[in-house]
Every structure is written in C-alpha cells, then in structure tokens.
Amino acid sequence: MRGLGEGLMQRPQTVAEQVANVLRESIADGSLAAGTPLRQDDLAERFGFSRMPVRDALRQLEAEGIVSIHPTKGAHVARMDVTEIREIFAVRALLESEALRLSVPNLAKEKLDEAGHVLKQIDAEPNVGRWGTLNRAFHLALYSACGNARLLDLIEAHHNAADRYIRVLLSNLDYRSRSQSEHWDILTACRHRDAEAAVRLLKKHLREGMETLAQAGLAGKP
C-alpha cells in the first residue's frame, strides 16, 4: 500500500480524519485499486493507531462512496459501475441541457449570485463529503427558473444517484480545479444570458466528467 505512511505530519482535527485523508488520497491516485481489502487490523498496525479511529475513517469513506463495507466480508475500496456511470450521465445531459436552456432567460440576479456563492463554498470546503451536495446546489440554482417542477425533480433524483461518483471525481487528483473552472465558465455564460453557450459548456462538462469516471472504473477492474 504505497503512500499509506505519507501525509501524516499535518494532523487534522481527529485521528480518524487523518487516516481517512491518507486513504482517500491513496485511492484517488490509484495506490489502492478498486476491490482492495481494507483490513482494520492491518491498517491500524501500519498507521500506529488503535482500530477505533481506523474503523471511523472507513465509515467516513463509506459515506463518501469511496469504500464499501460488507457485514461479513469487511471493507474494500469501492468498485465503480461503468454502465451505471454512463447511464446516469447520459440522462443528466438530456435533462439538464433542457432545464438550463429554459432557465437562462429567466434567471434572477439573486440565483446567479447564489450559484457563484456555492462555487466559492466548494473552493473553501475541505470535507469531500460535502462536495457532492454543493455541486448539486450549484447546478440546481442554475436550473431553478426553468418553470418545470417535474423536470427539476428528475434532475435532483439523478444527481442523488450520481452523488458517490461525483465525490470520487472531485477528490481525484486535480479534477476538482478543472470542474470548478468549467462551473465558472457555465455561470459566466448564464450571466451573459447566452443559453446556447451555457448548454454547450454544460454538455462538455458532463461528458468529460463521465469519461473520466468511466476510465477510472475500467482501470479498476480486475
């Protein structure tokens, strides 16, 4: 498990967070491949801590969708379902492109400012578990003026389905900054009331996110 002993000098608030941070980075950079068992005793020995903070760290990563914990088989690095990734993002592109096209002409300045505030929150938020929620808030703020409540419900449902993948994507190496740059470009197009450009940027944003996740999922297959 390359890298598991690194990054422990700058201690976060708790030992569990410290362990979670190093495991998360090792999973993101491929040191811990999908399906790799994460045995509490082994990790506790490697880190030099008791099993309790290791258990808490694994539970935290489970909540982020990065680790799977089975009642009898224990914890392992979560596998990504490539078919599910492609299906969710294909549906998101269809639904969200239409919602954004309808919404842009009607977006109030307050909603545009709200979307910008959410992007600043993403930049400042250290907890990867919050990034999926904030990402969803940004997108829904831009779609809020589409005038179709059923469409918004469908979009939110697919954001919820994509949530664990979004957190994996945003925590993976430098993709967070790339995603944020694309978010700001979409917001700028919306501020200029350029629905065509905003939709084009959104489709590209979703397509490239999907492909990055799909390639990561394929690379993680045994």
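Up top you'll find the structure we're talking about.
Sequence order sets the numbering: in each chain, residues are counted from 1 along the sequence as written. Selection of residues for local features in this predicted model requires a pLDDT of at least 70, selection of side-chain atom pairs for listing and counting requires 80 or more, and totals for whole chains, interfaces and linings are taken over all residues. Each side-chain value is worked out from all heavy atoms of the structure, with water and hydrogens disregarded.

Peer 1: Is there a simple way to think about the sheet that holds strand E1 (residues 37–38) in this case?
Peer 2: Hydrogen bonds between backbone atoms are what pair the strands of a sheet, whose relative direction is either parallel or antiparallel. In this description, strands pair whenever DSSP reports at least two bridges between them. Each helix corresponds to a stretch of at least 4 residues labelled H or I by DSSP, and each strand to a stretch of at least 2 residues labelled E; elements are numbered beginning at the N terminus. Sheet architecture is open: 3 strands sit in the order E1-E3-E2, paired in antiparallel fashion. Two strands bound the open sheet, and with one partner strand each, they are E1 and strand E2 (67–70). Sheet analysis places E2 next to strand E3 (residues 74–77), joined by 4 bridges and oriented antiparallel. Of the residues in E3, the one forming a bridge with valine 67 is valine 77.

Peer 1: Where do I start with helix H7 (residues 149–170) in this structure?
Peer 2: Along its length, H7 reaches its greatest deviation from straightness, about 55 degrees, at aspartate 163. Of all the residues in H7, the buried ones are Leu151, Ile155, His159, Ala162, Asp163, Tyr165, Ile166, Arg167, Val168, Leu169 and Leu170. Polar contact is defined as a pair of N or O atoms within 3.5 Å, subject to the rule that within protein one atom must be able to donate a hydrogen and the other to accept it, and that residues adjacent in sequence are counted only when both atoms are side-chain atoms. Residue asparagine 148 occupies the N-cap position of H7, its side-chain oxygen lying 3.2 Å from the main-chain nitrogen of arginine 150. A residue's bend is the angle separating two fitted axes: one through the seven residues that end there, the other through the seven that start there. Per-residue accessibility, obtained with a 1.4 Å probe over protein chains only, is compared with the maximum for each type, and a residue is labelled buried under 20%, exposed over 50%, and partly exposed between these values.

Peer 1: Just checking my understanding: could you explain the packing of aromatic side chains for this structure?
Peer 2: The description of an aromatic ring pair uses the distance of the two centres, along with the angle that the planes make with each other. Only the six-membered ring of Trp is used, alongside the rings of Phe and Tyr, when aromatic pairs are assigned; centres must lie within 6.5 Å, and planes under 30 degrees apart are stacked while those over 60 apart are edge-to-face, with the rest tilted. Evaluated as defined, the whole model comprises 1 aromatic pair. Centre to centre, the rings of phenylalanine 47 and phenylalanine 49 are 6.5 Å apart; their planes meet at 10 degrees, and the pair counts as stacked. Under the relative-accessibility criterion, phenylalanine 49 is labelled partly exposed at 23%. For arginine 92, the ring lying beneath its charged end belongs to phenylalanine 89, and the centroid distance is 5.3 Å. Whether a charge sits over a ring depends on NZ of Lys or CZ of Arg being within 6 Å of the ring centre and within 35 degrees of the ring normal.

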